Amino acid sequence: MIKSVKRRRDALSLERIVDTAIDILDRDGDEQFTLRTLARELSTGAGALYHYVASRDDLLAMATDKIVEQYLGDVPATDNASQALREIAIALWDAVDQHPWAGSRLTSEPNRMGVARIYEAIGTQLAVLGVPAESQFDVGSAIGSYINGNLVQQAGNAYHARKLARHGYDRESYLMEFTKIWRTLDPAEYPFM
């Protein structure tokens, strides 16, 4: 008996591969992501994917780069460089909130375009702020490292929040739980908090 195989009706392209990979990563997470799963979703063979991507890691980097590019592209233009830096950080926070797998990918593959895009977005604001040219790389690296560290933490929080969503929590109620706990801290022991 010949087994019927579902065939793709539209052409395979790198954009379609990356977009489908993002959908799978959002649904299943990066631990469950394989090229076989992607091939099955695209109704093709895994070998066909290698015409477009060198490896699973290469594809994950492309997917991460696309997410970073998309969210940084959505940052509203402003003449206020301090506000622009905040908007960059918030856009990236939202990106990782929606795509938790991307947060850990940024720090595991710092030589990829996603990280370069982040540092470029930050760096272009530093001259506007009046940071001397000879200090811009150091300042940009400090801000970028701070943001990237928060993105990794947010990725963990987003994974945890998705688990809690099954118990009725959303982003706001999850953050309110932390606020309630922190408000009960002894002010003498935790004066800053």
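Residues numbered from 1 in each chain as written. Predicted model: local features only at pLDDT ≥ 70, side-chain atom pairs only at ≥ 80, totals over all residues. Heavy atoms only, no water.

**A short note on unusual backbone geometry**
Our working rule: Secondary structure elements follow DSSP: runs of H or I of four or more residues count as helices, runs of E of two or more count as strands, with numbering from the N terminus. To sort residues, take the accessible area from a 1.4 Å probe on protein chains only and compare it with the maximum for the residue type: under 20% means buried, over 50% means exposed, and anything in between is partly exposed.
Positive phi values are uncommon outside glycine, yet serine 43 reaches one of about 55°. Its location among the elements puts serine 43 in the loop between helix H2 (35–41) and helix H3 (46–49). For serine 43, a relative accessible area of 14% puts it in the buried group.

**Details of the nonpolar core**
Condition: Remark: nonpolar core denotes a set of buried residues (Ala, Val, Leu, Ile, Met, Phe, Trp, Tyr, Cys) joined through side-chain atoms within 4.5 Å. Should any heavy atoms of two residues lie within 4.5 Å, those residues are considered in contact.
Of all hydrophobic cores here, the largest spans 22 residues; its most connected members are Ile17, Phe33, Leu38, Leu49, Leu59 and Trp101. Once residues within four sequence positions are removed from consideration, leucine 49 is found in contact with Ile17, Leu35, Leu38, Ala39, Leu42 and Thr44. Core analysis: the next-biggest nonpolar cluster, separate from the first, contains 14 residues, Leu72, Ile88, Ile118 and Ala121 among them.

**Examining the side chain of histidine 99**
Just so we agree on the cut-off: Whenever two N or O atoms come within 3.5 Å, that pair is a polar contact, provided that in protein one can donate a hydrogen and the other can accept it, and provided that, for residues adjacent in sequence, both atoms are side-chain atoms.
Residue placement: histidine 99 occurs in the loop between helix H5 (81–98) and helix H6 (100–108). Only 2.7 Å separates the side chain of histidine 99 from the side chain of aspartate 26, close enough to count as a polar contact. A polar contact is formed between the side chain of histidine 99 and the side chain of tyrosine 71, at a distance of 3.5 Å. With residues up to four places along the chain from it excluded, the contact list for histidine 99 reads Ile22, Asp26, Ile67, Tyr71 and Arg162.

**Considerations on the packing of H5 against helix H8 (residues 133–165)**
The cut-off we apply is this: Between N-to-C directions, angles cover 0 to 180 degrees, with each direction set by a line fitted to C-alpha atoms, over the stretch in contact for helices. The labels follow the angle: roughly parallel below 35 degrees, roughly antiparallel above 145, roughly perpendicular from 65 to 115, and oblique for the rest. By the definition used in this description, the sense in which the near helix is turned from the far one sets the handedness, with an anticlockwise turn below a right angle giving left-handed and a clockwise turn giving right-handed. Amino acids outside the nonpolar list (Ala, Val, Leu, Ile, Met, Phe, Trp, Tyr, Cys, Pro) and the charged list (Asp, Glu, Lys, Arg) are all regarded as polar, and Gly is one of them.
As a packed pair, H5 and H8 sit with axes 8 Å apart at the nearest point and diverge in direction by 30°. With respect to H8, the axis of H5 lies roughly parallel. When you trace H5 past H8, the crossing you get is right-handed. Note on element contacts: H8 touches H5 through Ile143, Ile147, Asn150, Leu151, Gln154, Ala155, Ala158 and Arg162, opposite Leu85, Ala89, Leu92, Trp93, Val96, Asp97 and Gln98. In terms of residue class, the contact of H5 with H8 is made up of 10 nonpolar, 3 polar and 2 charged.

**Structural notes on a nonpolar patch on the surface**
Stated formally: Two joining distances apply to patches: 9 Å for like charges and 5 Å for nonpolar side chains (Val, Leu, Ile, Met, Phe, Trp, Tyr), and every residue must have over 30% relative accessible area and no salt bridge. The Shrake-Rupley method, run with a 1.4 Å probe, gives the accessible areas here. Residue values count only the displayed protein chains as cover. The salt bridge definition used is simple: a Lys or Arg side-chain nitrogen within 4 Å of an Asp or Glu carboxyl oxygen.
A cluster of nonpolar side chains, Leu175, Phe178, Ile181, Trp182, Tyr190, Phe192 and Met193, forms an exposed patch at the surface whose accessible area comes to about 790 Å². Position of phenylalanine 192 relative to the elements: it lies in the segment after helix H9 (171–183).

**Regarding the pattern of salt bridges**
Counting across every chain of the model gives 5 salt bridges. Of the charged contacts, one joins aspartate 19 and lysine 66 as a salt bridge, the two residues approaching to 2.4 Å between their closest N and O atoms. Note that aspartate 19 is positioned in helix H1 (residues 14–28) and lysine 66 in helix H4 (residues 56–73), a separation of 47 residues in sequence. In this structure aspartate 19 comes out as partly exposed when scored by relative accessible area, which is 28%. Here arginine 105 ties to aspartate 57 by a salt bridge, and the two come within 3.6 Å at their closest N and O atoms. Taken together, the residues arginine 105 in helix H6 and aspartate 57 in helix H4 connect sequence positions 48 residues apart. Judged by its relative accessible area of 12%, arginine 105 is buried.

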